[in-house]
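Take a look at the letters that make up each chain.
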Amino acid sequence: MAQRAVVEIDRKRIAELTEREEAKLNESTQGSKRLFERARRSLTGGVPSSYHLRDPWPIYLAEGKGPRIWDVDGNEMLDFHNGFGSMVQGHAHPAITEAVETRLRLGTQFAAPTEDGVVVAEHLAERFRLPKWRYTNSGSESTMDAIRIARGFTGRDTIVKIFGSYHGHHDYVMVSIGVPYDRIGDRETYESLPYGEGIPQAVVDMTVAVPFNDAGAMERRIERLIEEDRKPACVIMEAAMMNLGIVLPEPGYLEAVRELTERHGIVLVFDEVKTGLCIAGGGAVERFGVQPDMITLAKSLGAGLPSGAIGATEEIMQVVENERVYQVGTFNGNPASMAAARAGLEQVLTPEAYEHLDALNDRLMAGCEAVVEKYSLPGYAVGVGAKGCVTFSPEKIVDYETFKANQDGELMDLAWLYNMNRGIFMTPGREEEWTLSVTHSFDDCDAFVGVFEEMAHDLTA
Ligand SMILES: Cc1ncc(COP(=O)(O)O)c(C=O)c1O
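Residues numbered from 1 in each chain as written. Predicted model: local features only at pLDDT ≥ 70, side-chain atom pairs only at ≥ 80, totals over all residues. Heavy atoms only, no water.

1. Digging into the overall build of the protein
On a plain count of helices and strands, the protein comes out with 17 helices and 14 strands. Projected onto its principal axes, the C-alpha coordinates of the protein cover approximately 65 × 55 × 45 Å. Buried residues in the protein amount to 56% of all 461 residues. Across the protein, the fraction of contacts at a sequence separation of at least 24, relative to all contacts at a separation of at least 6, is 73%. Carbon and sulfur atoms form 51% of the exposed surface of the protein, whose accessible area is close to 19,200 Å². Taken as two groups, the 45 positive and 71 negative side-chain charges of the protein have centres that lie 3 Å from each other. (Helix = DSSP H or I, 4+ residues; strand = E, 2+ residues; numbered from the N terminus. Buried < 20%, exposed > 50% of the residue type's maximum accessible area, 1.4 Å probe, protein only. Contact = heavy atoms within 4.5 Å. Areas by Shrake-Rupley, 256 points an atom, 1.4 Å probe, with all protein chains shown as cover. Lys, Arg positive; Asp, Glu negative; His and termini not counted. Charge placed at Lys NZ, Arg CZ, Asp CG, Glu CD.)

Now the structure itself:
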């Protein structure tokens, strides 16, 4: 990131604009307000998942088609949220709709395998260069089962993750994520801290976190764990972090992690729940050219239906084949999800689709970067494949510590409000990024940039 002069943003101006934009959004979402008042009587917090919460009320959606969604007030928006990155195929894609409709008439659940599940595994094996696959129903199930398989394979309990990374909501990985910053400890020996209550301390202690983009720190921690007779079963990580905005791997980092995990006989798991089918046809494996021992997928795999998958080497999946480790689930390989996944892989997420996504993202990032430069904002655009964001930080963010020290959360919040009030449905939360779909156009990207420029102008006027 080139060093350049940036403007000092007036905090009072951010507050004024935030207040104005909040009032505007509240006014245009009165139908959501009414639904929230009804929902909270029977649905905890008025939402199906705490990640859908928003103050003063969530925006309830009614419809989606291609790159667009409509909320219950009839507000039409271009969708850059795309279901936390699970709709890279776009909404109600005709090929997927047809495949699922056909399947609906043939029965949607047997708890017995179907041909589509076999075909999907064949595609995944080819794309992600791992021979053996199993299914789950979500990203959390995928990482949970992958960790159990790695533990069964190695006979070890401890696992290593990246500090600040999110890998789902089960106990093994709800550790050292959005935790009190003053308690994280020294980067050579980060504390293992639970993310919320209800997670047994014994489980928390088995999960050890290390900084992203620092293979030296990872290796030193692993060596100490070995000295303590706590050699890890696996390192589970995203090849590019997707929950601090986007943090790309620095050159040589993934290769160094691959080399050291291999040398120590530790299973390397790339959690590709977000990167998976979004940053290339073969995810991070294809994009960065580093081959892990296991991969976890979910989100965009099911093209809008719940699904997940785990891929691994023959040797590792032996522990599942010989039933030393049970990898099971009533809805695993659900026929409707598999029909959607197959149609998505075969008819939508083609090599041309990835060319289109790359071209869109280049345009969007270049447009945002031009605004950042024109208005001398403290930030930069970053992205890969279908994913990107503007990170409001005067310095490049490379890990959790630099994110916490530099990210301008108030500007992130204001950008979200500007988007929502001008027809851009964006992922809520200070840590998130946009996800494009194959149905987006250059005009859609330009609309996003136009809103960003309006905010930059208002902030600096
Ligand atoms: C990298 C990563 N892994 C796992 C998960 C969990 O997936 P799910 O919400 O489907 O359980 C997420 C969810 O955002 C994720 O980003």
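2. Quick word on the side chain of asparagine 243
Here asparagine 243 lies in the loop between β7 (234-237) and α9 (253-264). What makes asparagine 243 buried here is its relative accessible area of 10%. Within the structure, the side chain of asparagine 243 is placed 2.7 Å from the backbone oxygen of glycine 164, a separation counted as a polar contact. Excluding residues that lie within four positions of it along the chain, asparagine 243 makes contacts with Gly164, Ser165, Tyr166, Ile177, Glu238 and Glu431. (Polar contact = N/O pair within 3.5 Å; in protein donor to acceptor, adjacent residues only side chain to side chain.)

3. Here we look at the sheet that holds β7
Strand order in the open sheet formed by 7 strands is β4-β10-β9-β8-β7-β5-β6, and the pairing between neighbours is mixed. Two strands bound the open sheet, and with one partner strand each, they are β4 (132-136) and β6 (207-210). Ignoring strand direction, the axes of neighbouring strands in this sheet form an average angle of 20°. Against the sheet, helix α8 (residues 215-227) touches β5 (159-162), β6 and β7, its axis set at about 150° to β6. Across the face of the sheet, helix α12 (residues 314-321) comes into contact with β4, β8 (267-271), β9 (294-297) and β10 (308-312) while running at roughly 50° to β4. (Pairing = 2+ DSSP bridges. Axes fitted to C-alpha atoms, helices over the stretch in contact; angles between N-to-C directions.)

4. Considerations on the packing of aromatic side chains
Both the distance between ring centres and the angle between the ring planes are used here to describe each pair of aromatic rings. One pass over the structure, following the stated rule, counts 9 aromatic pairs. Ring geometry for tryptophan 434 and phenylalanine 448: centres 5.2 Å apart, planes at 70°, overall edge-to-face. Of this pair, tryptophan 434 sits in strand β14 (residues 434-435) while phenylalanine 448 is found in helix α17 (residues 442-460), placing the two residues 14 residues apart along the sequence. Of the two residues examined, tryptophan 434 and phenylalanine 448, each falls in the buried class. By the ring-pair criterion, three or more aromatic residues cluster together here, those being Phe163, Tyr181, Tyr190 and Tyr400. (Phe/Tyr/Trp six-rings, centres within 6.5 Å; stacked < 30°, edge-to-face > 60°.)

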